[in-house]
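These are the residues of each chain, in order.
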Amino acid sequence: MDQKVDIRELNEKIQRESSFVDLISMEMNKVIVGQKHLVESLLIGLLSDGHILLEGVPGLAKTLAINTLSNAVDAKFARIQFTPDLLPADLLGTMMYSQKKEEFMVKKGPIFTNFVLADEINRAPAKVQSALLEAMQERQITIGDQTYKLDQLFLVMATQNPIEQEGTYRLPEAQVDRFMLKVVLNYPKKEEEKQIIQLNLLKSFPKATAVVRPADIIRARDVVKEVYMDEKIQKYIIDIIFATREPAAHGLEKYKEMITYGASPRASISLAQASKAYAFIKRRGYVIPEDIRAVCHDVLRHRIGLSYEAEANNLTAEEIISEILNTVEVP
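Residues numbered from 1 in each chain as written. Predicted model: local features only at pLDDT ≥ 70, side-chain atom pairs only at ≥ 80, totals over all residues. Heavy atoms only, no water.

Focus: the pattern of salt bridges
Move 1: Under the criterion given, the structure shown has 21 salt bridges.
Move 2: Of the charged contacts in the structure, one is a salt bridge between Arg 301 and Asp 298, with a shortest N-O distance of 2.7 Å.
Move 3: You can call Arg 301 buried: its relative accessible area is 14%.
Move 4: The network of salt bridges with common partners includes Glu 17, Asp 216 and Arg 219. (Salt bridge = Lys/Arg side-chain N within 4 Å of Asp/Glu carboxyl O. Buried < 20%, exposed > 50% of the residue type's maximum accessible area, 1.4 Å probe, protein only.)

Have a look at this one:
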């Protein structure tokens, strides 16, 4: 069969299957002003079954965004405020003795839900962080001698506050790597801030209505996997990832001493999956280089280790990624 016909058919299928993306976006825009990038990132995480790490000052609608998404998808939502005295059992659940039944019963924790907001994840000690990250990776939790599967639709959005580091426990690099995306939020523009004030002065704050069901998202994930990715695009992804590991070999000699370690193979997988999800959101059946460039910063910014020399020169991972994208040949 001619490949062009395949692509056309695939395009038509994606057009049909991705119609709910507009519905979710409309519902979220009722409640969230601006923050288009955050909404898009949540949809990418949702469609590619990946988790999101958010960094931004308080009050930028992080909680509101994921809560609104859970309403639009008709799913369960839990917000867990991470504190230094939190225990893994507070997150996962524990065995409790029932005097009435004279036996131990399992009390499931708040993580048994579809959407989890792990607020200020760096405030909790390593044991709790590890418990959450294990649940994210394994999609199951063991309490006592019983193992419980988490829902198929399971998305963790963890937040970090960049301005206050006192009394925090920095996430180890190996654990940060488990987040598919790290999204940095900025302040709204003046016009957006005006709209935010007007929304909050209304008699009743708008609320998103359910427009899709979890089963629709699970089905859409299979369709996202069908999005066509040419071998040239795969090579482009590999070139970008290898430029973070061997900058000198890719015409970036000046960064040789600036990068202590590059992106892992998990980054290659995440970049491919996220770009497919981005193409799906844009109602397209194939991945183009612009899709990779659109998601590259979010996929890589937490996966590049900077040396002391880079920090002394105020060099950020963002600048390195931008330079890599400008240098690596586009197919």
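Don't stop here, the text continues.
A short note on a nonpolar patch on the surface
Move 1: A cluster of nonpolar side chains, Met 95, Tyr 97, Phe 104 and Val 106, forms an exposed patch at the surface whose accessible area comes to about 380 Å².
Move 2: Of all the secondary-structure elements, those providing two or more residues to the nonpolar patch are β3 (93-98) and β4 (103-108).
Move 3: If you trace the backbone, Phe 104 turns up in strand β4.
Move 4: Residue Phe 104 is classed as exposed on the basis of its relative accessible area of 54%. (Patch = residues over 30% accessible without salt bridge, like charges linked within 9 Å, V, L, I, M, F, W, Y side chains within 5 Å. Areas by Shrake-Rupley, 256 points an atom, 1.4 Å probe, with all protein chains shown as cover. Helix = DSSP H or I, 4+ residues; strand = E, 2+ residues; numbered from the N terminus.)

Overview of helix α12 (residues 289-300)
Move 1: With twelve residues, α12 ought to run about 16 Å at 1.5 Å a step, and its terminal C-alpha atoms sit 16 Å apart, in line with that.
Move 2: If you follow the buried residues of α12, they end up packed against α3 (36-47), β9 (181-184), α10 (231-245), α11 (265-281) and α14 (317-327). (Expected span 1.5 Å × (residues − 1). Contact = heavy atoms within 4.5 Å.)

Here's the deal with the sheet that holds β9
Move 1: The strand order across the open sheet built from five strands is β2-β5-β8-β1-β9, with neighbouring strands paired in parallel fashion. Single-partner strands in this sheet number two, and they are β2 (77-81) and β9. Ignoring which end each strand starts from, the neighbouring axes of this sheet average 20 degrees apart.
Move 2: Bridge analysis of strand β5 (residues 115-119) against strand β8 (residues 155-160) gives four bridges, and the strand direction is parallel. (Pairing = 2+ DSSP bridges. Axes fitted to C-alpha atoms, helices over the stretch in contact; angles between N-to-C directions.)

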